[in-house]
Amino acid sequence: MTLSSLRLKKNADRRLKAGHLWLYSNEIDTAATPLKGLEPGQQVVVEAANGKAMGVAYVNPNSLICARLVSRDPQQSLDRSLLVHRLNQALSLRQQLFAAPYYRLVHGEGDLLPGLVIDRFGDTLVVQLNTAGMQAVLPELLDALDKVLSPVNVVLRNDTSGRRQEGLERSVEVVKGDVGDPVLLEENGVRFSAPVLDGQKTGWFYDHRVNRAWLNQFVAGKRVLDLFSYVGGWGVQAAAHGAREVLCVDASAPALERVADNAALNGLHEQVSVGEGDAFDVLAALKAEGEQFDVVILDPPAFIKKRKDIPNGERAYGKLNREAMRLLGRDGLLLSASCSMHLAPERLVDVVRGAVRHQDRHGQILFQGHQGPDHPVHPAIPETSYLKALGARVFRD
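These numbers were taken from a predicted model, which means no experiment stands behind them.

**Student:** Please clarify how the overall build of the protein should be interpreted in this entry.
**Tutor:** Helices and strands together make up the secondary structure of the protein, namely 11 helices and 19 strands. Its C-alpha atoms give the protein a radius of gyration of 23 Å, within 12% of the compact-globule value 21 Å for 397 residues. Each principal axis of the C-alpha distribution contributes one length, and for the protein these read about 70 × 45 × 35 Å. Taking as baseline every contact in the protein between residues at least 6 positions apart, the subset at least 24 positions apart corresponds to 62%. Accessible surface, the protein as shown: approximately 17300 Å² in total, 48% of it carbon and sulfur. The averaged location of the 47 negative side-chain charges in the protein is 7 Å from the averaged location of its 46 positive side-chain charges.

Quick look at the structure:
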């Protein structure tokens, strides 16, 4: 198959040469290769301004990121063969990292498969196709997954907001097997059930595995508050590692039902309780009731989704951390996290520092965590590094 060309403007090839995979619409020589003549998801040969071929990308002329490189070999398109190769590379890494088959199998650009996310729950794969280019090769991808893993079940969680930006319909579909939602997984020695059909994202957040493992060391005998608990990834693990009492708070009643199920799954129903409500309202109510905790966990959704949201988002993180610290005893532990890519790690430190001083306390940062190794960061693409977690001791003189 002969691919069309996509010609870059002069010097617009510098980022590709440095390792990046994205091209922006203002970098294209549209006089030589009009973007409007290309279909969303179509594959092209990317050319430097002098005509030298630099690799193969798929395009979306309607998106600011108008092309994503899938191969630096101009003869190698994104087909079943390349997908099998990339999936084997991704699988090899995870098998070195984890003894059990519960992890993120493909992390988009971090695994050289831009626009593709796959989470593995044993014999069940949950797949997100976030771009027109990945959607276009769905049949080849399903064949490649059968070749590499032969999964019993495959779920397409194509309901992400990014699909709307790519001009794609949103849906959830079981394309192989018969998924008995929820599915089981194990993390840090604790069993969970994940709602892969109607939960958040793929149903589970593997990215905090390492950060949870760190916190699990310090919860024995403690009273723990887990805000934005979702299905109990933090709180139930804390109980499993000896926490005396855990309160999981979330705005979603179905999520809290899963917390109770996951606590029962591990024989922890007596240690784990739940509270439904807005996090800020619950914090205020707990403070009014004179409640105190030894450990507070803050793992909120992204308060900053776009660059323009940074000022308001940082204020929201600041308020959340200040109010949470009010519930810590004289010598407590705060785990403060952010999944906002636009919040720089040093700004989260500033947020925690500001909250400590606002409460006239002292703080010591004991731990700085990020996403687990099954969410590899592409060294040329800062956007692939998004997760931050701080473990801080908060105490009075």
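The discussion continues.
**Student:** For this particular structure, what's the right way to read the packing of aromatic side chains?
**Tutor:** Any two aromatic rings considered together are summarised by their centre-to-centre distance and by the angle between their planes. Under the criterion given, the structure shown has seven aromatic pairs. Between Trp214 and Phe218, the ring centres sit 4.9 Å apart and the planes meet at 55°, which makes this aromatic pair tilted. Of the residues examined, Trp214 reaches a relative accessible area of 11% and is grouped as buried. Plain terms: the ring middles of Phe303 and Tyr317 are 4.6 Å apart, the flat faces sit at 45° to each other, and that makes the pair tilted. Highlighted residues: Phe303 in the loop between β16 (293-298) and α10 (310-325) and Tyr317 in helix α10, separated in sequence by 14 residues. Phe303 gets classed as partly exposed once you look at its relative accessible area, which sits at 23%. Put simply, the rings of Trp214, Phe218 and Phe367 pair up and form one aromatic cluster.

**Student:** Honestly, the side chain of Thr384 in this entry has me stumped. Any pointers?
**Tutor:** Relative to the assigned elements, Thr384 resides in the loop between β18 (362-370) and β19 (388-395). Only 2.9 Å separates the side chain of Thr384 from the backbone nitrogen of His378, close enough to count as a polar contact. Of note is the side chain of Thr384, whose polar atom sits 2.7 Å from the backbone oxygen of Ile381. Aside from chain neighbours lying at most four places away, what touches Thr384 is His107, Glu109, Gly110, Gln371, Val377 and His378.

**Student:** Which parts of the structure should I look at to understand the sheet that holds strand β7 (residues 116-121)?
**Tutor:** Pairing is mixed across the open sheet formed by five strands, whose spatial order is β6-β7-β8-β9-β10. Looking along the sheet, the strands with just one partner apiece sit at the ends: β6 (102-107) and β10 (171-176). Between one strand axis and the next, the sheet turns through 20° on average, direction left out of account. By the bridge criterion, five bridges tie β6 to β7 in an arrangement that is antiparallel. Looking across to β7, one finds that Arg104 is bridged to Asp119. Most of the contacts of helix α2 (residues 80-97) go to β6, to which it runs at about 145°, and overall it touches β6 and β7.

**Student:** For this particular structure, what's the right way to read the nonpolar core?
**Tutor:** Nonpolar side chains in soluble globular proteins tend to end up buried together. Phe121, Trp204, Leu215, Val224, Val246 and Val272 are the most contacted members of the largest nonpolar core, which totals 38 residues. Looking at this core, the elements that each hand over two or more residues are β11 (183-187), β12 (190-194), α6 (209-216), α7 (235-240), β14 (245-250), α8 (253-265), β16 and β17 (328-338). When residues of this core are assigned to their parent elements, the largest contribution, four residues, is made by α8. Not counting residues up to four positions away in its chain, the partners in contact with Trp204 are Asp119, Phe121, Leu185, Glu187, Phe192, Ala194, Arg212, Tyr230, Val231 and Gly233.

About the criteria used
- Residues numbered from 1 in each chain as written.
- Predicted model: local features only at pLDDT ≥ 70, side-chain atom pairs only at ≥ 80, totals over all residues.
- Heavy atoms only, no water.
- Helix = DSSP H or I, 4+ residues; strand = E, 2+ residues; numbered from the N terminus.
- Rg over C-alpha atoms; globule rule 2.2 N^0.38 Å.
- Contact = heavy atoms within 4.5 Å.
- Areas by Shrake-Rupley, 256 points an atom, 1.4 Å probe, with all protein chains shown as cover.
- Lys, Arg positive; Asp, Glu negative; His and termini not counted.
- Charge placed at Lys NZ, Arg CZ, Asp CG, Glu CD.
- Phe/Tyr/Trp six-rings, centres within 6.5 Å; stacked < 30°, edge-to-face > 60°.
- Buried < 20%, exposed > 50% of the residue type's maximum accessible area, 1.4 Å probe, protein only.
- Polar contact = N/O pair within 3.5 Å; in protein donor to acceptor, adjacent residues only side chain to side chain.
- Pairing = 2+ DSSP bridges.
- Axes fitted to C-alpha atoms, helices over the stretch in contact; angles between N-to-C directions.
- Core = buried A, V, L, I, M, F, W, Y, C linked by side-chain atoms within 4.5 Å.

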